[in-house]
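# Results of the structural survey
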Amino acid sequence: NAGVTQTPKFQVLKTGQSMTLQCAQDMNHNSMYWYRQDPGMGLRLIYYSASEGTTDKGEVPNGYNVSRLNKREFSLRLESAAPSQTSVYFCASSDVRRNTEAFFGQGTRLTVV
Amino acid sequence: AQTVTQSQPEMSVQEAETVTLSCTYDTSESNYYLFWYKQPPSRQMILVIRQEAYKQQNATENRFSVNFQKAAKSFSLKISDSQLGDTAMYFCASISYNTDKLIFGTGTRLQVFP
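Residues numbered from 1 in each chain as written. Chains lettered and ligands numbered in written order. Predicted model: local features only at pLDDT ≥ 70, side-chain atom pairs only at ≥ 80, totals over all residues. Heavy atoms only, no water.

### A word on the overall build of chain B
- Counting its regular elements, chain B contains 0 helices and 12 strands.
- Tracing chain B from N to C terminus, the helices and strands come up as β-β-β-β-β-β-β-β-β-β-β-β.
- Since a compact globule built from 114 residues should have a radius of gyration of about 13 Å, the 14 Å found for chain B is in line with a globular shape.
- With respect to the three principal axes, the spread of C-alpha positions in chain B is 45 × 25 × 20 Å.
- Per-residue burial for chain B yields a buried fraction of 50% across its 114 residues.
- Long-range pairs, those at least 24 residues apart, make up 55% of the contacts in chain B with a sequence separation of at least 6.
- For chain B, the accessible area works out to roughly 5500 Å², and carbon and sulfur atoms hold 45% of it. (Helix = DSSP H or I, 4+ residues; strand = E, 2+ residues; numbered from the N terminus. Rg over C-alpha atoms; globule rule 2.2 N^0.38 Å. Buried < 20%, exposed > 50% of the residue type's maximum accessible area, 1.4 Å probe, protein only. Contact = heavy atoms within 4.5 Å. Areas by Shrake-Rupley, 256 points an atom, 1.4 Å probe, with all protein chains shown as cover.)

Listed below in structure tokens is the structure:
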């Protein structure tokens, strides 16, 4: 089992460029999440999806959009990148009703210059 | 609102000693889970321990145990017989059974000294 796979691992963008971070899980989990991690700020929830076809805002959704393409895939899009979006991004999946903890991807280090 | 607060940015402990990391949370939900995750320098997120809110008994996993005080909304992690490999960031988290929203605290950086 691959678990949670997110791509790319590293990315440098210029201010104003757009990009999509991809995430896929093979554990048949209902819920998927996108977080950003900044020093001293912990993991802050950007968006989450409790089931296929639904998405909800988290703590810091501004500047981001998401798509739950199917049960396996949950993408995060930056339409016009800003230096404040420089961060490490994590995708995760879980299924609380099956009592499973969240499993995480390896993270994407994004730098916006 | 669902919140998780970790008030200790950094902690240190000597090898073989015991250390306790603090976490408080707030939720309007009656059904939820609490977690402690460990993040070593590799950035990998590793589950340390989980607690179902409906269970009164404190969870334990080998050297790791929690003190779950539901009325006080407190969920501390005790690490016994600390090892050098325990050096990492530790995150407290809560998930709502109803909404599936999973949020984390700001983390505690633990350093274990020989």
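### Considering the confidence of the model for chain A
- When pLDDT is averaged across chain A, the result is 95; 99% of the residues are at 70 or more.
- Predicted confidence in chain A is weakest over strand β10 (residues 100-104) of chain A, with a mean pLDDT of 90, and strongest over strand β8 (residues 74-78) of chain A, with 98. (pLDDT = per-residue confidence, 0-100.)

### Quick notes on the sheet that holds strand β3 (residues 19-25) of chain A
All names here are of chain A.
- Spatially, the 4 strands line up as an open sheet ordered β1-β3-β8-β7, and their pairing is antiparallel. On the outer flanks of this sheet lie β1 (4-7) and β7 (65-68), each paired with one strand and no other. The mean inter-strand angle of the sheet, taken between neighbouring strand axes irrespective of direction, is 15 degrees.
- Here β7 runs beside β8; their pairing, made up of 4 bridges, is antiparallel. The residue of β8 that forms the bridge with V66 is L76. (Pairing = 2+ DSSP bridges. Axes fitted to C-alpha atoms, helices over the stretch in contact; angles between N-to-C directions.)

### A short note on the interface of chain A and chain B
- Listed per partner, the contact involves 26 residues of chain A and 22 residues of chain B.
- Linking chain A with chain B are 2 salt bridges, by the criterion used here.
- Summed over the shared surface of chain A and chain B, the number is 7 residue pairs in polar contact (both at pLDDT 80 or more).
- Looking at the side of chain A that touches chain B residue by residue, the classes come out as 12 nonpolar, 10 polar and 4 charged. (Salt bridge = Lys/Arg side-chain N within 4 Å of Asp/Glu carboxyl O. Polar contact = N/O pair within 3.5 Å; in protein donor to acceptor, adjacent residues only side chain to side chain. Nonpolar A, V, L, I, M, F, W, Y, C, P; charged D, E, K, R; others polar.)

### A closer look at the nonpolar core
- Ranked by size, the top nonpolar core spans 46 residues in total, and within it Y35 and F104 of chain A together with W36, L77, Y90, L102 and F104 of chain B carry the most contacts.
- Per-element accounting of this core gives the leading share, 7 residues, to strand β10 (residues 88-96) of chain B.
- With sequence-adjacent residues up to four places away left out, L77 of chain B is seen in contact with V19, T20, L21, W36, V48, I49, F64, S65, V66 and Y90 of chain B.
- Ranked by size, the runner-up nonpolar core spans 21 residues in total, among them V4, M19, V66 and C91 of chain A. (Core = buried A, V, L, I, M, F, W, Y, C linked by side-chain atoms within 4.5 Å.)

### Here we look at the state of the cysteines
Residues and elements named next belong to chain A.
- According to the stated counting rule, one finds 2 disulfides over all chains in the structure shown.
- Between the sulfur of C23 and that of C91 lies a disulfide, 1.8 Å long from S to S. Note on the C23 and C91 pair: the S-S dihedral is about -75 degrees, so by sign convention the disulfide is left-handed. Here C23 is found in strand β3, whereas its partner C91 is found in strand β9 (residues 87-95), with 68 residues between them in sequence.
- A relative accessible area of 3% means that C23 is categorised as buried. (Disulfide = S-S within 2.5 Å.)

### Some points on the side chain of T108 of chain A
- With respect to the helices, strands and loops of the structure, T108 of chain A is situated in strand β11 (residues 108-112).
- Among the polar contacts made by the side chain of T108 of chain A, one reaches the main-chain carbonyl oxygen of P8 of chain A at a distance of 2.5 Å.

### Quick look at the pairing of β3 of chain A
Residues and elements named next belong to chain A.
- Of all 7 residues in β3, 5 are buried, a share of seventy percent or more.
- Pairing of β1 with β3 involves 4 bridges; the strand directions are antiparallel. Its bridge partner being in β3, T7 is matched across the sheet by Q22.
- Where β3 and β8 come together, 3 bridges link them in antiparallel fashion. Looking at the pairing, L21 lines up with L76 of β8.

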